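Observations on chain architecture
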Amino acid sequence: MAQPGTESIWLWIGTALMALGALAFIGMGWREEDPERQAFYIVTIFIPVIAALSYFSMAMGFGLIELQVPWQEAALDIYWARYADWLFTTPLLLLDLALLAGANRNTIGTLVGLDVGMIVTGFIATIITVSQTFRIVWWGISSGFFLALLYILVSRLSAQAATQPGDVGDLFSTLRNLTILLWTAYPIVWLIGTEGLALVPLYWETAAFMVLDVSAKVGFGFLLLRSRSTLEQATVEAPE
Ligand code: RET
């Protein structure tokens, strides 16, 4: 098992913030009786729970492997647990947005499929050791999935959200914009970080991913769950 370096401080902070976020969401949803709103709590609570476990595993060095690559002497430190986390939490975040928009099953399926494609090909980019060029090629494939996903978010899902009553459309727009902004930073951090061109050292890359993860999960969840009255107006089971 590899030992994390000084970047582990960010991983411990990430563990603590995700755990606190999860506890806060559990507290907020504790006495929720309304099944429509319960759906949002169930989805939103699992997101920081999964992330807290992933951060804990990385902080302990379990979620870390050292990858020997032919183009440099030093091994690459790869925090693979991130990808296990993202594989489950990014579909859940999209499910929150889709529930809010009242999306049908086909739209949800498309979003989740593109998202899984993005994470799996991003993971291939991360662990491939053939050459640096091939890593960037797989990064490009993953980014292709990401762009298609963004397209569905701003086209089909936004059109569906606009048909929802009350403040649901506004809340959807806020969360969608936050999602687009934060998620777009991930491929950039990967590319300039140690997995890509190594312009930024692992210490700062780990800090950047932690801030992004906490904002995209706990920040997103707070914005969603604090709007109790809005959540009730969202029709979870939309007409096909
Ligand atoms: C990778 C690298 C390859 C190219 C792309 C990526 C995108 C990752 C994204 C991750 C989002 C994570 C979130 C986590 C939890 O809150 C895999 C970094 C496009 C968009 C939102």
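Scope of this entry: the structure provided in the associated data block.

What counts as what
Residues numbered from 1 in each chain as written. Predicted model: local features only at pLDDT ≥ 70, side-chain atom pairs only at ≥ 80, totals over all residues. Heavy atoms only, no water. Near = heavy atom within 4 Å. Polar contact = N/O pair within 3.5 Å; in protein donor to acceptor, adjacent residues only side chain to side chain. Areas by Shrake-Rupley, 256 points an atom, 1.4 Å probe, with all protein chains shown as cover. Helix = DSSP H or I, 4+ residues; strand = E, 2+ residues; numbered from the N terminus. Core = buried A, V, L, I, M, F, W, Y, C linked by side-chain atoms within 4.5 Å. Buried < 20%, exposed > 50% of the residue type's maximum accessible area, 1.4 Å probe, protein only. Contact = heavy atoms within 4.5 Å. Phe/Tyr/Trp six-rings, centres within 6.5 Å; stacked < 30°, edge-to-face > 60°. Expected span 1.5 Å × (residues − 1). Bend = angle between axes of the 7 residues up to and from the residue.

**Let's talk about the site of the ligand**
Around the ligand, 16 residues are found, and the nearest of them are Trp86, Ser142, Trp183, Tyr186 and Lys217. Note that an oxygen atom of the ligand is positioned 3.0 Å from one of the side-chain N or O atoms of lysine 217. In isolation the ligand offers 540 Å² of accessible surface; the protein chains occlude 100% of this area. Residue assignment for the shell around the ligand shows that the elements contributing at least two residues are helix H3 (81–101), helix H4 (105–127), helix H5 (132–162), helix H6 (168–192) and helix H7 (202–225).

**Structural notes on the nonpolar core**
Ranked by internal contacts, the top residues of the largest apolar core, which has 63 residues, are Phe40, Leu100, Leu153, Leu157, Trp183 and Leu224. Broken down by secondary-structure element, the contributors of at least two residues to this core are helix H1 (8–29), helix H2 (35–60), H3, H4, H5, H6 and H7. When residues no more than four places from it in sequence are discounted, the contact partners of leucine 224 are Phe40, Thr44, Asp96, Leu100, Leu171, Leu175 and Leu231.

**Focus: the side chain of aspartate 115**
Its place among the elements puts aspartate 115 in helix H4. Excluding residues within four positions of it along the chain, aspartate 115 makes contact with Thr90, Pro91, Leu94, Leu149 and Trp183.

**Quick notes on the packing of aromatic side chains**
This structure, assessed with the given rule, holds 11 aromatic pairs. Aromatic side chains tyrosine 83 and tryptophan 86 sit 5.1 Å apart centroid to centroid with 65° between the ring planes, which places their arrangement in the edge-to-face category. Taken together, the residues tyrosine 83 and tryptophan 86, both in helix H3 and three residues apart, mark about one turn of the helix. Both residues of the pair, tyrosine 83 and tryptophan 86, count as buried. Linked through ring pairs, Tyr83, Trp86, Phe123, Tyr186 and Phe209 together constitute an aromatic cluster.

**Description of H3**
Its 21 residues give H3 an end-to-end C-alpha distance of 30 Å, which sits within 8% of 30 Å, the value for a rise of 1.5 Å per residue. For H3, the principal kink sits at leucine 87 and spans about 30°; a proline, proline 91, occurs within the next four residues. Among the 21 residues that make up H3, 16 are buried, leaving the element largely enclosed by the rest of the structure. Phi turns positive, to about 70°, at glycine 102, one or two residues after H3.

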